[in-house]
Amino acid sequence: FATGPQKRMWQRPLSRTLSRTLTPNTLVRRRSHDALMRLRILPRATVFAALCLGQRATAFAAGHASSTITTATTATTTTTTANLTSDCHAILRAAVQAVNPVQAIQRHVRVEFDELIVMDGSSSNRKPSVYDLTGYDRIVVIAFGKASSSMAATLAEQLDSVKDKVSGIVITKDGHATADEQEILKRYHLKLYEAAHPVPDERSVEASEHILQYLQATASENTLVLTCISGGGSALCCAPVPPLTLGDLQATNKALLAAGWSIDAMNVLRKRLDRVKGGRLAAAAAYPSTMVSLILSDVVGDPLDLIASGPTVPDTSSWETAQKLVQQSSSVLQLPPAVTKLLQDGVDGKVPDSPPPTHPAFEASQTVLVGNTALAVQAAAVQAEKLGYHPVVLATQLQGEAKELANIFIGMAQQLSQPVAPFGLTLPAAIFTGGESTVTFETSGKGGRNQEMGLAVALGLDKSNISAPVVFASIGTDGTDGPTDAAGALVDEHTVAALGRAEARSALQQHDAYPYLDQTLPDGTSPLIKTGPTGTNVADVQVLLIGKPAHNMVEKSDDGL
């Protein structure tokens, strides 16, 4: 988890071979703090049966064409908390590496003989799109989001044969562009701006205005616009709709975060307040240029119109949709008066909505999803299997209140570590989820959703009678969890006993997980995971590892005999 360009250039591609797919097929809906919590889970029998000896729940096996997956010889060594902790770090590294923007762009874009070839990952049978670069006078690269500098630098290097035609603008979060990336961007005439996240600042607006002006000035049928969009783009690229001010947008962002809104709900509202979002970048600024958008998704379910608030795709929501969301949270949400008025004016038809899907700008554009949470989770499962675990991908669309979602992992750990294991399962096991939780807070402590989930799991494990070693980790794949320098946390059944039970309960109640988890454990480590900016952003990944209890150390062959 060291930072730096060499760590972002991990070059171990994830095999796309799937020998068997285990698909979540149950949708549970519940209300939590006025926010809708959507959680896709597997029926209990399916989960535990999949962990039985001789079976693999996910078959995300690299290089295996059949459903037979052998057990790694290291399986019998994963029986201590220390071993599980080391394995968990290796698994998390694999997850982040799989969604490295360099690899994501290289998998989907290449240039051959002055032709730009774009592979659409939505279908293996779909033919690639080919753009004759000799037919364009300009090639404009626009990138914004936490992964924008890495995506844009990789794309620019692909365009080396037409370097003289390339120019553009990149906006990223402070500290997320490496020195190497900055040099590449400069070499290919791409202007780099840094700005604040998750709450936009004056630099966000200034850079966004430059993007709008540049696209409008270069808009032509002979211009090819290549956009690289990643998580964080909603805050990093923003241009308030008059009469709104930056202060209105800042206050709105803070209010939505405090109210525990999910990222997709936030973006439904934010795209109505901005001249970039909701398809406006394509329709109002870039048209009639040809546009290709490369998307690295940090939104659960990968809805293209919600990733960075959908600046280049048609909007599927409306003023009425946004107003309904606001009304559902009216008890905990205080929006600026100017935003409330604009929302009502939009509902009343006094303010135009987003460009319609029939706008010709969308006919001359292509949008490609180059990476998402599911890819990271699959890579984690592959790595876990190599280390000897029986992996189960429980969900890749996890949403809800962080400390409540923790109960899922506590319950799984309790059930799977019973002296008489259900369905004759074989340990060690690895449970995976991906998605993005929320934290609804009345008091403002220091932490993030992943740290809060980790602390809640640690408290639950401490109170449980668990006979097997257990390790749980939750991280933001961008290396940032809330307004802290930590990506998340890694805890086990001993964490709370070592750092203080009363203090743990108080920290969770006050949403103040960071100071508590930043303490030093007896082994000299800290539960906090600090990676620095990873250069990518596909939401969060959770890992639950359950080792073999002392009474269950009898080795068995792969066929269960």
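Every residue gets a number counted from 1 within its own chain, in the order that chain's sequence is written. Reporting of local features is limited, given that this is a predicted model, to residues whose pLDDT is at least 70; pairs of side-chain atoms are given and counted only at 80 or more, and all residues count toward the totals for whole chains, interfaces and linings. As a convention, hydrogens and water are excluded, and side-chain values are obtained from all of the structure's heavy atoms.

Draft legend 1. Representation of the overall build of the protein chain within the structure. Runs of E in the DSSP output that reach at least two residues are strands. Runs of H or I that reach at least four are helices, and both are numbered from the N terminus. Regarding its fold elements, the protein chain presents 20 helices and 17 strands. Relative accessibility decides the category of a residue: with a 1.4 Å probe and only protein chains considered, values under 20% of the type maximum give buried, values over 50% give exposed, and everything between is partly exposed. The proportion of buried residues among the 561 residues of the protein chain is 58%. Sequence-distant contacts in the protein chain: of pairs separated by 6 or more residues, those separated by 24 or more amount to 80%. The Shrake-Rupley method, run with a 1.4 Å probe, gives the accessible areas here. Residue values count only the displayed protein chains as cover. Accessible surface computed for the protein chain: about 21,500 Å², of which carbon and sulfur atoms make up 51%. Contacts between residues were defined by any pair of non-hydrogen atoms, one from each residue, lying within 4.5 Å.

Draft legend 2. The arrangement of the pattern of salt bridges in detail. We count a salt bridge whenever a side-chain nitrogen from Lys or Arg sits within 4 Å of a carboxyl oxygen from Asp or Glu. One pass over the structure, following the stated rule, counts 16 salt bridges. Salt-bridge contacts for D478 lead to K146; the nearest nitrogen and oxygen are separated by 2.4 Å. Of this pair, D478 sits in the loop between β14 (470-476) and β15 (488-492) while K146 sits in the loop between β6 (138-144) and α5 (148-158), placing them 332 residues apart in sequence. A relative accessible area of 2% places D478 in the buried class. In this structure, D540 and R449 form a salt bridge, with 2.5 Å as the shortest nitrogen-oxygen distance. A residue pair is termed long-range when its members are at least 10 positions apart, and D540 in strand β17 (residues 540-546) and R449 in helix α17 (residues 449-463) qualify at 91 residues. Classification of R449 by relative accessible area gives partly exposed; the value is 24%. Each of K271, R272, D305, D315 and D353 takes part in salt bridges that share partners, so that together they form one network.

Draft legend 3. Molecular detail of the sheet that holds strand β4 (residues 115-118). In this description, strands pair whenever DSSP reports at least two bridges between them. The strand order across the open sheet formed by three strands is β3-β4-β5, and the pairing between neighbours is antiparallel. Edge positions in the sheet fall to β3 (109-112) and β5 (129-132), since each of these pairs with one other strand and no more. Strand-to-strand twist in this sheet, taken as the mean axis angle between neighbours without regard to direction, amounts to 25 degrees. Where β4 meets β5, four bridges bridge the pair, whose relative direction is antiparallel. Following the sheet pairing, I117 is matched in β5 by V130. For every element, the axis is a line fit to its C-alpha atoms; helices are fit only across the contacting stretch, and the angle between N-to-C directions ranges from 0 to 180 degrees. The sheet contacts of helix α4 (residues 101-108) involve β3 and β4, and relative to β3 the element is tilted by about 50 degrees.

Draft legend 4. Examining the environment of S148 more closely. In this fold, S148 is placed in helix α5. A residue is classified by how much of its surface remains accessible, and S148, at 0% relative accessible area, is buried. Separated by 79 residues in the primary sequence, S148 and T227 have C-alpha atoms spaced 9.4 Å apart. What S148 contacts, discounting residues up to four positions off in sequence, is A143, V170, I171, T172 and S230. Polar contact is the term for a pair of N or O atoms within 3.5 Å; when the atoms are in protein, one must be able to donate a hydrogen and the other to accept it, and sequence-neighboring residues count only if both atoms are side-chain atoms. One polar contact links the side chain of S148 to the main-chain carbonyl oxygen of I171, over a distance of 2.7 Å.

Draft legend 5. Examining the pairing of strand β9 (residues 223-230) more closely. Most of β9 is tucked away: eight of the eight residues are buried. A two-sided burial pattern is seen for β9, the buried positions comprising T223, V225, T227 and I229 on one face and L224, L226, C228 and S230 on the other. Bridge count for β6 against β9 is seven bridges, and the pairing is parallel. Counted as the bridge partner of I142 is T227 from β9. Sheet topology note: the β9/strand β10 (residues 290-296) ladder contains seven bridges and is parallel. Residue pairing in the sheet places S230 in a bridge with L296 of β10.

Draft legend 6. Local environment of the state of the cysteines. Cysteine sulfur pairs qualify as disulfides if the two atoms are within 2.5 Å. If you walk through the whole model with that rule in mind, you get zero disulfides. With no disulfide of its own, C238 has C237 as its nearest cysteine by sulfur position, at a separation of 7.3 Å.

Draft legend 7. Looking closely at the side chain of S318. Within the element layout of this structure, S318 appears in the loop between β10 and α12 (319-328). Judged by its relative accessible area of 18%, S318 is buried.

Draft legend 8. Up close: the sheet that holds strand β11 (residues 365-371). Spatially, six strands are ordered β8-β7-β6-β9-β10-β11 in an open sheet, and the strand pairing comes out parallel. A strand with exactly one partner marks an edge of an open sheet, and here the two such strands are β8 (190-195) and β11. The average angle at which neighbouring strand axes cross in this sheet is 10 degrees, direction not considered. Against the sheet, α5 engages β6, β7 (166-173), β8, β9, β10 and β11, with an angle of about 145 degrees to β9.

Draft legend 9. Helix α9 (residues 246-258), seen in detail. In this model α9 runs 18 Å from its N-terminal to its C-terminal C-alpha over 13 residues, within 8% of the 18 Å that 1.5 Å per residue would give. Inspection of α9 places L246, D248, L249, T252, N253, A255 and L256 among the buried residues, and these make up the whole buried set. Close packing links the buried residues of α9 with α7 (202-218), α8 (233-236), α10 (263-270) and α13 (337-347). Phi turns positive, to about 75 degrees, at G260, one or two residues after α9. Every helix has an expected span of 1.5 Å times one less than the residues it contains.

Draft legend 10. Structural context of the nonpolar core. To form a nonpolar core, buried Ala, Val, Leu, Ile, Met, Phe, Trp, Tyr and Cys residues must be joined to one another through side-chain atoms within 4.5 Å. Membership of the largest hydrophobic core comes to 63 residues, with the highest contact counts inside it found for L116, L155, L159, L190, L294 and F432. Looking at which element gives the most residues to this core, the answer is helix α3 (residues 81-98), with seven residues. For this core, the two domains that each supply at least three residues are domain 1 (81-93 + 373-546) and domain 2 (113-239 + 276-308 + 357-371). L155 has contacts with I105, V109, V141, L226, C228 and L294, leaving out every residue within four places of it along the chain. One finds A259, A283, M291 and L343 within the second-largest nonpolar core, a separate group that totals 53 residues. Where each domain starts and ends comes from a domain assignment, either automatic or drawn from a database.

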